[in-house]
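Reading the structure
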Amino acid sequence: MVETQAMDGAALRLEAVRRRMTEAAREAGRDPAEVTLIAVSKTFGPEAIEPVIAAGQTVFGENRVQEANAKWPALRAKHPSVTLHLIGPLQSNKVRDAVALGDAIHTVDREKIARMIAEEQGRTGRALELFVEINTGSEPQKAGVDPRDAVSFVSRCRDEFGLRIEGLMCIPPFDETPAPHFALLRKLAREAGVAGLSMGMSADFEMAIAYGATHVRVGTAIFGERA
Ligand SMILES: *Cc1c(COP(=O)(O)O)cnc(C)c1O
């Protein structure tokens, strides 16, 4: 009984997020189909994820490679159409697992990681959708390429490492209004010649869509609060 209610809850919340995304896109004069919803399932187990898949969601996001590796191989064997985006900080000793498991990595943020992804893709024949993370607030403790280096880093990823960079990603400083960060990411993406913009979370995905987001990463608004 409790489980049934939880399932209904997740499906309803997913539907509400989708509706809000569609409205935000229309208001911005954009085609809602241009925006991909990534359902961020970090900390949640298969029993919470299954109902969201059953409700039609196919794109999921995870923060930690190790956690993703523990739950997604089984889920994907059951649901082959599901794709998995890795959105958390990537350590070099996790690159092999990340390339084997993921369909996309949103956090290419330094040369060493770019080189290792290229090597691993070459070795396995896989080609992931890649985003370069930009530290739009230039926060010293935060991962990501400094905005001033964004264009040259994307060029190097392409020219030197042969990576297919689809877009840029950011996590704005949590204590600031996100709009200027979304605007900066959009400007940098134009300058770097990439189309994808991975930005917007539960609290601000509508604003991100107004600023051109192509991928929003939404956890809490779908799965509920994390423990
Ligand atoms: C957890 C996480 C999200 C989702 O955050 P919510 O506020 O729960 O929607 C989005 N992006 C990244 C990088 C995350 O780690």
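Residues numbered from 1 in each chain as written. Predicted model: local features only at pLDDT ≥ 70, side-chain atom pairs only at ≥ 80, totals over all residues. Heavy atoms only, no water.

1. A closer look at the pairing of strand β5 (residues 129-133)
Across the five residues that make up β5, a large majority, four, are buried. Summarising the sheet, strand β4 (residues 104-108) and β5 pair through three bridges and their orientation is parallel. Bridge assignment links Ala104 to a residue of β5, and that residue is Glu129. The parallel pair β4 and β5 is bridged by helix α5 (residues 111-124), and the resulting crossover is right-handed. Relative to strand β6 (residues 165-169), β5 runs parallel, the two sharing four bridges. Its bridge partner being in β6, Val132 is matched across the sheet by Leu168. (Buried < 20%, exposed > 50% of the residue type's maximum accessible area, 1.4 Å probe, protein only. Helix = DSSP H or I, 4+ residues; strand = E, 2+ residues; numbered from the N terminus. Pairing = 2+ DSSP bridges. Right-handed = clockwise from strand over helix to strand, strands pointing away.)

2. A few points about the site of the ligand
Every one of the 13 residues lining the ligand counts as a neighbour, but Lys42, Asn63, Ser202, Gly219 and Thr220 are closest to it. One nitrogen or oxygen atom from the side chain of Thr220 is found 2.5 Å from an oxygen atom belonging to the ligand. Protein burial of the ligand: of its 390 Å² of free accessible surface, 90% is covered by the chains. (Near = heavy atom within 4 Å. Polar contact = N/O pair within 3.5 Å; in protein donor to acceptor, adjacent residues only side chain to side chain. Areas by Shrake-Rupley, 256 points an atom, 1.4 Å probe, with all protein chains shown as cover.)

3. Quick word on unusual backbone geometry
Among all residues except glycine, the phi angle is most often negative; among peptide bonds, the trans geometry is most common. At Thr43, a position not held by glycine, the phi torsion is positive, near 75°. Within the secondary structure layout, Thr43 lies in the loop between β1 (36-40) and α2 (46-54).

4. What to know about the packing of aromatic side chains
Two numbers describe a pair of aromatic rings. These are the distance of the centres and the angle of the planes. Tallied over the entire structure, the rule returns three aromatic pairs. Here the aromatic rings of Phe60 and Trp72 are separated by 5.1 Å at their centres, their planes lie at 45°, and the arrangement is tilted. Of this pair, Phe60 sits in strand β2 (residues 59-62) while Trp72 is found in helix α3 (residues 65-78), placing the two residues 12 residues apart along the sequence. Here Phe60 falls in the buried class, since its relative accessible area comes to 0%. What makes Trp72 buried here is its relative accessible area of 0%. Ring geometry for Phe182 against Tyr211: centres 6.5 Å apart, planes inclined by 55°, an arrangement best described as tilted. Here Tyr211 lies in the loop between α8 (205-210) and β8 (215-218) and Phe182 lies in helix α7 (residues 179-192), a separation of 29 residues in the sequence. On the basis of relative accessible area, Tyr211 is assigned to the partly exposed category, the value being 24%. (Phe/Tyr/Trp six-rings, centres within 6.5 Å; stacked < 30°, edge-to-face > 60°.)

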